[in-house]
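Survey of secondary and tertiary structure
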Amino acid sequence: MKFSTVFHKYTFPICAALCLGLSSVSCGGSSGGDAAMTRQDSLAVISAQADALLEARCVKANAQFPLVIDDFTTQTAVEVLPEKMVHTFSIDEKKLGLELDNPNVSKDALYQGIIEALRVSKSDSTMLSEMQALVTTGRGLLYKYSGVQSGKTLEVEVAPATLKEIVE
């Protein structure tokens, strides 16, 4: 089953209840022992489901790595941390023709490229679901590039608020 299908199948009913402004959702039968799910409980359930989906996505993606992106970029890992999802790449600086700390390597241009790629990616249901899960859990993104020859690193972060703007 696709990531996006799982996400929507299990979270849509809870999201619908929250968007309609209901204060609680019944989680039991009709007996007196019903457990009322408060809005806070519902949010915790949604967050836990989003966490599980992000973790599952990482396991699936990591099984496919290393993944060659282009002539000099290879994605080597992805992991979910409490505050962000980290995508790790190796850069063959020899093929790139620059070391990562070279002034001609523009961190701002890289950031803008990532933002544009995220905007385009949201048309893919799997990517949109991943971004929605990140927003739900309050996480941002971190893209970590490591130079193969130099060992130098370059990190580009996308804040949770920026990701939220892209998704909405």
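Everything numeric here is computed off the predicted structure, so don't read it as measured data.

Criteria and cut-off values
Residues numbered from 1 in each chain as written. Predicted model: local features only at pLDDT ≥ 70, side-chain atom pairs only at ≥ 80, totals over all residues. Heavy atoms only, no water. Pairing = 2+ DSSP bridges. Helix = DSSP H or I, 4+ residues; strand = E, 2+ residues; numbered from the N terminus. Core = buried A, V, L, I, M, F, W, Y, C linked by side-chain atoms within 4.5 Å. Buried < 20%, exposed > 50% of the residue type's maximum accessible area, 1.4 Å probe, protein only. Contact = heavy atoms within 4.5 Å. Axes fitted to C-alpha atoms, helices over the stretch in contact; angles between N-to-C directions. Parallel < 35°, antiparallel > 145°, perpendicular 65-115°, else oblique. Left-handed = near helix turned anticlockwise from the far one by under 90°. Nonpolar A, V, L, I, M, F, W, Y, C, P; charged D, E, K, R; others polar. pLDDT = per-residue confidence, 0-100. Salt bridge = Lys/Arg side-chain N within 4 Å of Asp/Glu carboxyl O.

Some thoughts on the sheet that holds strand E4 (residues 73-80)
What links the strands of a sheet is backbone hydrogen bonding, and the strands pair in either a parallel or an antiparallel sense. Spatial strand order, E3-E4-E5-E6-E7: 5 strands in an open sheet with mixed pairing. At either end of the open sheet lies a strand with only one pairing partner, and these are strand E3 (67-68) and strand E7 (153-158). The pairing of E4 with strand E5 (residues 84-91) spans 7 bridges and is antiparallel. Each bridged residue has a counterpart across the sheet, and for Glu79 the counterpart in E5 is Val86.

Remarks on the nonpolar core
Core analysis: the largest hydrophobic core is formed by 26 residues, its most contacted members being Met85, Ile114, Leu118, Leu141, Tyr143, Tyr145 and Val158. At the level of elements, helix H2 (39-62), E4, E5, helix H4 (107-121), helix H5 (125-136), strand E6 (140-147), E7 and helix H6 (160-167) are the ones that each hand at least two residues to this core. By residue number, the principal contributor to this core is H2, which donates 4 residues. Ignoring any residue separated from it by four or fewer positions in sequence, one finds Val158 in contact with Tyr111, Ile114, Ile115, Leu118, Gly140, Leu141, Tyr143 and Leu163.

Considering the packing of H2 against H5
Across the interface, H2 lies against H5 with an axial gap of 9 Å and an inter-helix angle of 130°. Regarding the angle of H2 to H5, the classification is oblique. Between H2 and H5 the crossing geometry is left-handed. On H5, the residues touching Ile46, Ser47, Ala50, Leu54 and Arg57 of H2 are Thr126, Met127, Glu130, Ala133, Leu134 and Thr136. Its residues assigned to classes, the contact of H2 with H5 comprises 6 nonpolar, 3 polar and 2 charged.

So, the confidence of the model for the chain
Per-residue pLDDT for the chain has a mean of 82; in total, 78% of the residues score no lower than 70. In the model, residues 1-34 has pLDDT below 50 throughout and makes 51 contacts with residues more than four positions away in sequence or in other chains.

Details of the pairing of E7
As a general feature of sheets, a regular strand has side chains that alternate between the two faces. Burial along E7 is one-sided: Leu154, Val156 and Val158 are buried, while Thr153, Glu155 and Glu157, pointing the other way, are not. Two elements, E6 and E7, share 6 bridges in a ladder whose sense is antiparallel. Counterpart to Tyr143 in the pairing with E7 is Val156. Here E6 folds back onto E7, and the loop between the two strands holds 5 residues, one of which, Gly151, carries a positive phi near 75°.

Overview of the environment of Gly97
In this structure, Gly97 sits in the loop between helix H3 (93-96) and H4. Taking C-alpha positions, Gly97 is 9.5 Å from Phe72, a pair spaced 25 residues apart along the chain.

A few points about the pattern of salt bridges
Applying the stated rule across the entire model yields 5 salt bridges. In this structure, the salt-bridge partner of Asp101 is Lys152, at a minimum N-O distance of 2.8 Å. Taken together, the positions of Asp101 in the loop between H3 and H4 and Lys152 in the loop between E6 and E7 put the pair 51 residues apart, joining distant regions of the chain. Classification of Asp101 by relative accessible area gives partly exposed; the value is 48%. Overall, Lys152 belongs to the partly exposed group, its relative accessible area being 32%. By sharing partners, the salt bridges in this structure join Glu99, Asp101 and Lys152 into a single network.

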